[in-house]
Amino acid sequence: MKRGSILFLQSIILLTGIAVLFFMIRLPLTEGRAKELDLFHIYADPFILYGYASSIAFFIGLYKLFRLLGYIGQNKLYSAVSAGAIKSIKYCAIVLSVLIVAAGIFILTSHHKEDDPAGFLALCMVTALISVVVAVVAGKFENKINKFCRITPASYSGGKKQMHQDQPHEKL
């Protein structure tokens, strides 16, 4: 990939992270029931705190994607560090989808009888589906890199490629 394309994608990822963070900070202030509350009570809401805690997986996944693009720029796509970054992205997407489904189940079981949680549940289903799709694509991509490089999972953290028994050793 060209350096300009990688910088463009990295800037898109950075802007996405900033936009999501702004949305997460600003949205609780504009919610209907928050108009009469002070800042402490708005941000001390357990569901808001759960949303912030759940977003950690999203931001870690964005960071790992940013780093992966850096590895691609260094021509290290088919390396153990890239496979490790993709594996982290896959796990972040899985964790995020589980947390989103848990939030949907919580709202479904504990909403007021006068409230209609259909919109929130639809949003939960769509975002959980997107997270699962990201996890599946990352898993497939991780498998392709592992097959190409013949990387063992133990070598992800060290960043070094391990040789298998059936792989010929280079002669000096």
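Summary of the structure given here. Keep in mind the model is a prediction, meaning the values are calculated, not measured.

What about the environment of Tyr78?
Alright, step 1. Summarising the element assignment, Tyr78 is placed in the loop between helix 3 (46-73) and helix 4 (80-110).
Alright, step 2. When neighbours within four sequence positions are excluded, Tyr78 is seen to be in contact with Ile145, Phe148 and Cys149.

Description of unusual backbone geometry
Alright, step 1. In this structure, Asn75 takes a positive phi of about 60° despite not being glycine.
Alright, step 2. Relative to the assigned elements, Asn75 resides in the loop between helix 3 and helix 4.

A word on the nonpolar core
The nonpolar side chains of a soluble globular protein tend to be buried, and buried together.
Alright, step 1. Residues Leu68, Leu69, Ile72, Ile86 and Ile145 are the most contacted members of the largest nonpolar core, which totals 15 residues.
Alright, step 2. Elements supplying a minimum of two residues to this core: helix 1 (3-30), helix 3, helix 4 and helix 5 (118-149).
Alright, step 3. When residues in this core are grouped by element, the largest group, five residues, is from helix 3.
Alright, step 4. Counting residues in each nonpolar core, the second largest holds five residues, with Ala57, Leu96, Ile100 and Cys124 among its members.

What about the pattern of salt bridges?
When their charged atoms lie close together, side chains carrying opposite charge are able to pair.
Alright, step 1. A full pass over the atoms with the stated rule returns one salt bridge.
Alright, step 2. Here Lys90 ties to Glu142 by a salt bridge, and the two come within 3.0 Å at their closest N and O atoms. With Lys90 in helix 4 and Glu142 in helix 5, this residue pair connects regions lying 52 residues apart in the sequence.
Alright, step 3. The exposure class assigned to Lys90 is buried, which follows from its relative accessible area of 17%.

What counts, and where the lines are drawn
Residue numbers here run from 1 along each chain, matching the order of that chain's written sequence. The predicted nature of this model means local features are confined to residues of pLDDT at least 70 and side-chain atom pairs, given and counted, to a pLDDT of 80 or more, with totals for whole chains, interfaces and linings taken over all residues. Neither water nor hydrogens contribute to the side-chain values; these are computed over all heavy atoms in the structure. Helical segments are the DSSP runs of H or I of at least four residues, strand segments are the runs of E of at least two, and each set is numbered from the N terminus. Two residues form a contact once any of their heavy atoms are found within 4.5 Å. What is meant by a nonpolar core is a set of buried Ala, Val, Leu, Ile, Met, Phe, Trp, Tyr and Cys residues, joined one to another through side-chain atoms within 4.5 Å. Buried, partly exposed and exposed residues are distinguished by accessible area as a fraction of the type maximum, computed with a 1.4 Å probe on protein chains only: under 20%, between the cut-offs, and over 50%, respectively. In the sections that follow, a salt bridge refers to a side-chain nitrogen of Lys or Arg positioned within 4 Å of a carboxyl oxygen of Asp or Glu.

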